[in-house]
Structures are given as structure tokens and as C-alpha cells.
Amino acid sequence: MSALYGRVALIGLGLIASSMFWGIRRGTLAGEVAGYARSAETRATARQIGLCDEVCDTIAETVKDADLVVLCVPVGAMEAVAKEMAPHLKPGAVISDVGSVKRDVIDSVGPYVPEGVHFIPAHPVAGTEHSGPTSGFAELFDNRWCLVTPAPGVPEAEIARLEAFWRGLGSNVDRMEPDHHDLVLAVTSHAPHLIAYTMVGVADDLRRVTDSEVINYSAAGFRDFTRIAASDPTMWRDVFLTNKEATLEVLGRFTEELFALQRAIRTGDGEHLHAYFTRTRAIRRGIIEAGQDTSEPNFGRGSGGGKGEV
Ligand code: NAP
């Protein structure tokens, strides 16, 4: 594919940005890629592994002359980064982001977007429990969705170019209204993460079950919870603090269903349990049919870690 942008600036050099860089290189989607991370340590690692064509020491240098700037920092850090980069943006540039929550990013970055610069928020629904500059790989976005949540008034040609960029990275692209995005993700990602964190915490609290028993006799269900619960604490703290309403709504529904199942167990209502599990099994089949996971045993992950969606 020919380059869609001349210079792309990636702010934050963790899992998502490093995967984007390798994907941009695979697809020749940009003339050059500049990267910035706040710590000297991450910048040194990036230089060492050849991540980005240029690793800059300041945000100002990184975004200078960039046609596309992508904010790849935790959601809670977006506002400070936007404020710092705003005076250095090229007129006509596009700002985007990869944050897991959209309404909060729009509200916190939006006010700093200069006249003549276009802000097109996006969220690649792809990830792993690993983080940092060495965790990325070009295939991360292949056949996963990237949800784009443009504000009214942004030129259609710029939205289409960003969508082509994500398709070039391997993603399927869809547009969504930001609040709807946050509700959908609360159901499919945010609440499940909180449940996984809780389950692993509960196992840790059950002192009657020793640590070695938890580790040695981990059945697939619990092992999957531990994988999810190993996700980056800063990123997930920010997700819950910024997608508060939708997450609390989903957790309220979850608690009601949990109580109903708890009651069915106590009263020996096997019919209720069977009907419930039959319904959930159909949802799992739907996910496999949509190509968003595999029916292989252990989710095709083998014995090593896996590519979980985040
Ligand atoms: P990550 O691997 O932890 O990397 C985060 C990067 O942001 C690091 O380079 C870090 O710099 C930098 N950073 C952290 N706090 C900062 C601050 N206060 N100011 C400036 N820079 C800061 O994170 P990631 O997984 O790539 O996630 C990045 C974004 O993608 C998040 O908004 C997340 O919600 C979203 N996302 C993540 C996933 C996933 O599965 N991980 C999936 C989809 C979307 P240092 O290394 O110097 O600390």
C-alpha cells in the first residue's frame, strides 16, 4: 500500500504504539514515524530495538510537521499530553487516539484541539495483557475491530483516510457514537476485566486453598481470569475512573443475574441453570462464527500467554 500519511507521531510507546509502528512498517502506511515516551528508559529501549524511525525527547519535537498524531497513553494522561502538544501542531494535521474509553477522551482532549486541526478519536479493540515498548507485534490488529468515533464537522475525507490507515493495519473498521461505544465496551471488556480482577482477588483471599494449589490445579476458567487480571494496572485504573457510569450500570445488571444464579443453586433449580448456560453457549458460538476467537481447546493459546482482547 502507498503511504497514507507523510509523518506519523506516536505519543506513548507501549503495547499499542509499538504494534502500530510494526504494522505501519509492514504496510508502508507512512513516510516516517516519530515516537515519544515520557521516561528516558522507554525512549532508550525504543531506540535500541529500532522502534520508530526517530525517537524524540520532547512532545513538541515529535509532533512537529506530523500529519497524523496518535495519542497512545493511558486515558487519564490524554489531557496533559494534548495540552502540551497543542501549540506545536501543524495546521491541517489529524489528532487521533487509541484510548479504551471515548467520551472522557473527547471531553478532555477536545478543548485543546487548535482551529484547523482535526480530532478523530478511535479505539482498536485488540490487545494483550502485556505492556511496554517490547510487547508490540505487527499482527495485533489483524481481523480485529477499530471503532472510530468522529465528531460532527470533521471532513469526511480525513475520517476516510484514518479508516484506510486502520484497515492497512489489518483492522476491520466501524463508526460509533462515543457514548454508545463506552456502553458496548463496558459490557464486552470493562466489566469482564473487573470480574476477573475480583475472582483472582477472591482466590488470593481464600486462605484455605493454598497458593500452590491455586497455581497447580488452575482449571482453564481461572487461568483465563489470571491472564486478564495481569493487565496493566494504570491503564485499567483509568478505564474504570473514566467509564464510570456505563461500567456501574453493567455491574448492577451483573449483580442481579449473579443473585438469580446463586438462588437457583441454593434452591436446586437445575432448569434455570441449564436454560441460562444454554443461552450463554449460543453467544460463545456467535463470537467464534464472527471470527473473533477460535474454537480450539484453551482458546488456541497453547501453554504460553495469549492474545486477549482488551
Ligand atoms: P502501555 O504499554 O502501558 O504504554 C503506555 C505508554 O504511555 C508508555 O509509553 C508510557 O510511558 C506512556 N505514559 C504512561 N503514563 C503517561 C503519562 N502520564 N504521560 C505521558 N506518557 C505516559 O499501554 P498500552 O497498552 O499501549 O495502552 C495505551 C492506550 O491504549 C491506553 O489508552 C489504553 O486504554 C489503550 N488500549 C489498550 C489496549 C491494551 O490491550 N493494552 C487495547 C486497546 C486500547 P513510559 O513507558 O515512559 O512510562
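Residues numbered from 1 in each chain as written. Predicted model: local features only at pLDDT ≥ 70, side-chain atom pairs only at ≥ 80, totals over all residues. Heavy atoms only, no water.

## Let's talk about the overall build of the protein
When helices and strands are tallied, the protein shows 12 helices and nine strands. Its C-alpha atoms give the protein principal-axis dimensions of roughly 65 × 40 × 35 Å. The contacts of the protein with a sequence gap of at least 6 include a subset with a gap of at least 24, amounting to 75%. Total accessible area on the protein is roughly 15,700 Å²; 56% of this is exposed by carbon and sulfur atoms. (Helix = DSSP H or I, 4+ residues; strand = E, 2+ residues; numbered from the N terminus. Contact = heavy atoms within 4.5 Å. Areas by Shrake-Rupley, 256 points an atom, 1.4 Å probe, with all protein chains shown as cover.)

## Regarding the domain arrangement of the protein
Taken as a whole, the protein is organised into domain 1 (5–176) and domain 2 (180–300). In this structure, domain 1 and domain 2 have C-alpha centres spaced 30 Å apart. Taking both partners together, domain 1 and domain 2 bury about 1,400 Å²; carbon and sulfur atoms supply 59% of that area. When the buried surface of domain 1 facing domain 2 is broken down by residue, V101, E129 and M176 rank first, second and third, together holding 36% of it. The interface formed by domain 1 and domain 2 contains one salt bridge. The partner of R227 in a salt bridge is E129, and the shortest N-O contact between them spans 3.6 Å. Those elements giving two or more residues to the side of domain 1 that touches domain 2 turn out to be α5 (103–109) and β8 (145–148). Looking at side-chain class alone, the side of domain 1 that touches domain 2 contains seven nonpolar, seven polar and five charged residues. (Domains from an automatic or database assignment. Buried area = accessible area lost by both parts, 1.4 Å probe. Salt bridge = Lys/Arg side-chain N within 4 Å of Asp/Glu carboxyl O. Nonpolar A, V, L, I, M, F, W, Y, C, P; charged D, E, K, R; others polar.)

## Let's talk about the nonpolar core
The biggest cluster of nonpolar side chains holds 38 residues, and the ones touching the most others in it are L10, L13, M20, F165 and W166. Of all the secondary-structure elements, those providing two or more residues to this core are β1 (5–11), α1 (15–27), β2 (30–36), β4 (68–71), β8 and α6 (156–168). Per-element accounting of this core gives the leading share, six residues, to α1. With sequence-adjacent residues up to four places away left out, M20 is seen in contact with L10, V70, C72, V98, F141, F165, W166 and L169. Of all hydrophobic cores here, the second largest spans 25 residues; its members include A66, V75, A82 and V105. (Core = buried A, V, L, I, M, F, W, Y, C linked by side-chain atoms within 4.5 Å. Buried < 20%, exposed > 50% of the residue type's maximum accessible area, 1.4 Å probe, protein only.)

## Some points on the packing of aromatic side chains
Under the defined criterion, the tally for this structure stands at five aromatic pairs. With a centroid separation of 5.1 Å and 90° between ring planes, the pair formed by F141 and W166 is classed as edge-to-face. Taken together, the positions of F141 in the loop between β7 (122–125) and β8 and W166 in helix α6 put the pair 25 residues apart, joining distant regions of the chain. Each member of the pair, F141 as well as W166, is classed as buried. For the ring pair F165 and W166, a centre distance of 6.1 Å and an interplane angle of 80° mean the geometry is edge-to-face. A residue is classified by how much of its surface remains accessible, and F165, at 0% relative accessible area, is buried. Members of the aromatic cluster, joined through ring pairs, are Y5, F141, F165 and W166. Over the face of the ring belonging to Y276 we find R279, whose NZ or CZ atom lies 5.1 Å from the ring centre. (Phe/Tyr/Trp six-rings, centres within 6.5 Å; stacked < 30°, edge-to-face > 60°. Lys NZ or Arg CZ within 6 Å of the ring centre and 35° of its normal.)

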